[in-house]
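Examining the three-dimensional arrangement
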Amino acid sequence: MGSYVEQARENHVKKKVEEALRSKMKAKALMECDQYVSKYAECATGRTFSVVWTCRKQAKELNTCLHQFTNDNVLEEMKREYMHQEEGKVSASAI
């Protein structure tokens, strides 16, 4: 029973903190997938409606790359790291 409470506590992160973590996760994903962002942007330049079918390959590559860095597992790991950092701050201030 203790592990359930501990796990629930770890997973509980305030909404504003979660939004900040999501934003950080997206920024990191865009940075990691920069080459795919550039390829898609290059393909899309000067196009309007045709971008959907003309740049399908580049969009798929970009989405595949982004998904590696923006999924629930990554977010949960970021939450755990945040909680451990916060616990470290609390224990350091208690000393």
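For the structure itself, look to the data block above.
Let me begin by describing the structure that accompanies this report. In this text, all values refer to a predicted model and were calculated from it rather than measured experimentally.

1. Considerations on the overall build of the protein
Helix and strand counts for the protein come out as six helices and zero strands. When the elements of the protein are put in sequence order from the N terminus, they spell out α-α-α-α-α-α. Classification of the 95 residues of the protein by burial places 21% in the buried group. When contacts within the protein are restricted to residue pairs at least 6 apart in sequence, long-range pairs at least 24 apart make up 72% of them. Summed over all atoms, the accessible surface of the protein reaches about 7500 Å², with 56% contributed by carbon and sulfur.

2. Digging into the state of the cysteines
Applying the stated rule across the entire model yields two disulfides. Put simply, Cys33 and Cys65 are joined by a disulfide, and their sulfur atoms are 2.0 Å apart. The S-S bond linking Cys33 to Cys65 shows a torsion near -90°; that makes this disulfide left-handed. You can see Cys33 sitting in the loop between α2 (15-32) and α3 (34-44) and its partner Cys65 sitting in helix α5 (residues 56-69), a full 32 residues away along the chain.

3. Things to note about α2
For α2, which comprises 18 residues, the first-to-last C-alpha distance of 25 Å matches the rise-based estimate of 26 Å (1.5 Å per residue) to within 8%. Of the residues making up α2, those classed as buried are Val17, Glu18, Leu21, Met25 and Ala29. What you see down the axis of α2 is that its buried residues fit within an arc of 110°, all on one side. Projecting away from the buried face of α2 at angles above 90 degrees are the exposed residues Lys16, Glu19, Lys24, Lys26 and Met31.

4. So, a nonpolar patch on the surface
Together, Phe49, Val52 and Trp53 make up an exposed nonpolar region whose accessible area comes to about 420 Å². Among the secondary structure elements, Trp53 is positioned in helix α4 (residues 51-54). For Trp53, a relative accessible area of 55% corresponds to the exposed category.

5. What to know about the pattern of salt bridges
Going through the model one piece at a time under the given rule, you end up with five salt bridges. Put simply, Lys57 and Glu61 hold a salt bridge, and the shortest N to O gap is 3.8 Å. Of this pair, Lys57 and Glu61 both sit in helix α5, four residues apart, roughly one helical turn. Looking at Lys57, the relative accessible area reads 61%, which means it is exposed. By relative accessible area, which is 26% here, Glu61 ends up partly exposed. Linking Glu77 and Arg80 is a salt bridge whose minimum nitrogen-to-oxygen distance equals 3.1 Å. Taken together, the residues span about one helical turn, with Glu77 and Arg80 both in helix α6 (residues 72-94) at a distance of three residues. Counted as one network, the salt bridges with shared partners bring together Glu18, Arg22, Glu76 and Lys79.

What counts as what
- Residues numbered from 1 in each chain as written.
- Predicted model: local features only at pLDDT ≥ 70, side-chain atom pairs only at ≥ 80, totals over all residues.
- Heavy atoms only, no water.
- Helix = DSSP H or I, 4+ residues; strand = E, 2+ residues; numbered from the N terminus.
- Buried < 20%, exposed > 50% of the residue type's maximum accessible area, 1.4 Å probe, protein only.
- Contact = heavy atoms within 4.5 Å.
- Areas by Shrake-Rupley, 256 points an atom, 1.4 Å probe, with all protein chains shown as cover.
- Disulfide = S-S within 2.5 Å.
- Expected span 1.5 Å × (residues − 1).
- Arc of directions from axis to C-beta.
- Patch = residues over 30% accessible without salt bridge, like charges linked within 9 Å, V, L, I, M, F, W, Y side chains within 5 Å.
- Salt bridge = Lys/Arg side-chain N within 4 Å of Asp/Glu carboxyl O.

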